[in-house]
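Summary of the model geometry
Residues per chain are reported as follows:
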Amino acid sequence: MKLFTGSAHPELAEKISRYLDHPLTDTVLQRFPDGESFVKIVENIRGHDVFIIQPTCTPANDNLMELLIMIDACQRASASRITAVVPYYGYARQDRKDQPRVPITAKLVANLLTAAGADRILAMDLHSQQIQGFFDIPVDHLYASPVIVKYLRSLGLKNPVMVSPDSGGVKMAYSYSHMMDAGLAIVSKQRKSATDIEMLNIVGDVDGCDCVILDDLTSTAGTLCGAAKMLKDSGARKVVAAVSHSLLGPDGARNIRESEIDELICTDSIPVAPDLGECPLTVLSVAELLGDAILRIHHNQSVSSLFRV
Ligand code: R5P
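Throughout what follows, the structure given in this document is the object of discussion. (Residues numbered from 1 in each chain as written. Predicted model: local features only at pLDDT ≥ 70, side-chain atom pairs only at ≥ 80, totals over all residues. Heavy atoms only, no water.)

1. Brief notes about the sheet that holds strand β4 (residues 49-53)
The parallel open sheet is built from five strands, whose spatial order is β1-β4-β5-β6-β7. At either end of the open sheet lies a strand with only one pairing partner, and these are β1 (2-5) and β7 (139-142). Taken over all neighbouring pairs, the strand axes of this sheet differ in orientation by 20 degrees on average, direction set aside. Looking at chain direction, strand β6 (residues 120-124) and β7 are connected through four bridges and run parallel. Among the inter-strand pairings, Ile121 is bridged to a residue of β7, identified as Val139. Of the strands in this sheet, β1, β4, β5 (81-86), β6 and β7 are in contact with helix α8 (residues 287-298), which crosses β6 at around 155 degrees. (Pairing = 2+ DSSP bridges. Helix = DSSP H or I, 4+ residues; strand = E, 2+ residues; numbered from the N terminus. Axes fitted to C-alpha atoms, helices over the stretch in contact; angles between N-to-C directions. Contact = heavy atoms within 4.5 Å.)

2. So, the site of the ligand
Neighbouring the ligand are 14 residues, the closest being Asp215, Asp216, Ser219, Thr220 and Thr223. The separation between an oxygen atom of the ligand and a polar side-chain atom of Asp216 is 2.6 Å. With respect to the ligand, the side chain of Thr220 contributes an N or O atom lying 2.6 Å from an oxygen atom. Within the complex, 89% of the 380 Å² of free accessible area of the ligand lies under protein. (Near = heavy atom within 4 Å. Polar contact = N/O pair within 3.5 Å; in protein donor to acceptor, adjacent residues only side chain to side chain. Areas by Shrake-Rupley, 256 points an atom, 1.4 Å probe, with all protein chains shown as cover.)

3. Overview of the side chain of Thr56
Topologically, Thr56 is positioned in the loop between β4 and α2 (60-76). With relative accessibility at 5%, the residue Thr56 sits in the buried group. In this structure Thr56 touches Asn63, Leu64, Leu67, Val86, Tyr88, Tyr89 and Gly90, once residues within four positions along its chain are discounted. (Buried < 20%, exposed > 50% of the residue type's maximum accessible area, 1.4 Å probe, protein only.)

4. Some points on the pattern of salt bridges
Applying the stated criterion across every chain, the model contains 11 salt bridges. Among the ionic pairs, Glu43 bridges to Lys2, the shortest N-O distance being 2.7 Å. One end of the pair, Glu43, is in the loop between β3 (37-41) and β4; the other, Lys2, is in strand β1, and 41 residues separate them in sequence. Look at Lys2 and you get buried, because its relative accessible area is 14%. Residue Lys15 is joined to Asp268 by a salt bridge in which the shortest nitrogen-to-oxygen separation is 3.0 Å. Here the residue Lys15 occupies a position in helix α1 (residues 10-20), and Asp268 occupies one in the loop between β13 (263-267) and β14 (281-284), the gap between them amounting to 253 residues. (Salt bridge = Lys/Arg side-chain N within 4 Å of Asp/Glu carboxyl O.)

Structure representation (structure tokens):
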């Protein structure tokens, strides 16, 4: 087995490498003066089972391109199998043609990864389940829920209610409500643009309850903050938010700080931006979960046991 990291999130790759007690393979990652990426695998990987760890987070275009180039380099170096480990799969939100003349970038990225030479994909909490079907190669799809539920259980929430901030997240909130033995509520959201949303209504009773808003990701935090306000206006005692992937920048962090959200929980699938100020953010590590999945894939064992909470 050979483990590689691109430049998107070396800290996560190092954590996985420490957990597996398996070194990262020496690689040269450089930029040409005009910005093009250059990759060189320093040691022989002929016939090896290769795992390239690279979330395609911001800068999404650079990280995606670097991942494609790394896959190409490994394929040309005669690796026997190449798994792209993409803890956060960027470009996933454009996963359907919901207006005239728009792309389906989630499918485009799937095509690019396959064309570059990936044999398998290991991803976590994809924006939508159907993205798995955009690939004609095997996709192992992990959930951060075992890590997040363990932490939520330690919070001692009173009358917990799991909340979906939009109709697309109902299945996720429903499965958390089972795992947490909690109630379920749904906020209906209308997105006017990438940065402008309107919260419309709540389905479910949250009066006097500790609410946990669940989402696959947060970016501007508009969705979470809007839902939190509606929950507090409807009598919620406490509001916590939990997302698998935090894309928060300084503006999103300020929105969280100024909102009704007491704590935002996320995972380290993406590096946390350095300039978030006093944002009440708790980062949980998914390195062991990804490490276990890598080991199981390498030994051709089942990965589904990792879904158990
Ligand atoms: C939407 O379908 C996603 O699941 C998230 O709710 C959304 O992308 C979050 O974006 P923001 O934090 O900018 O509201």
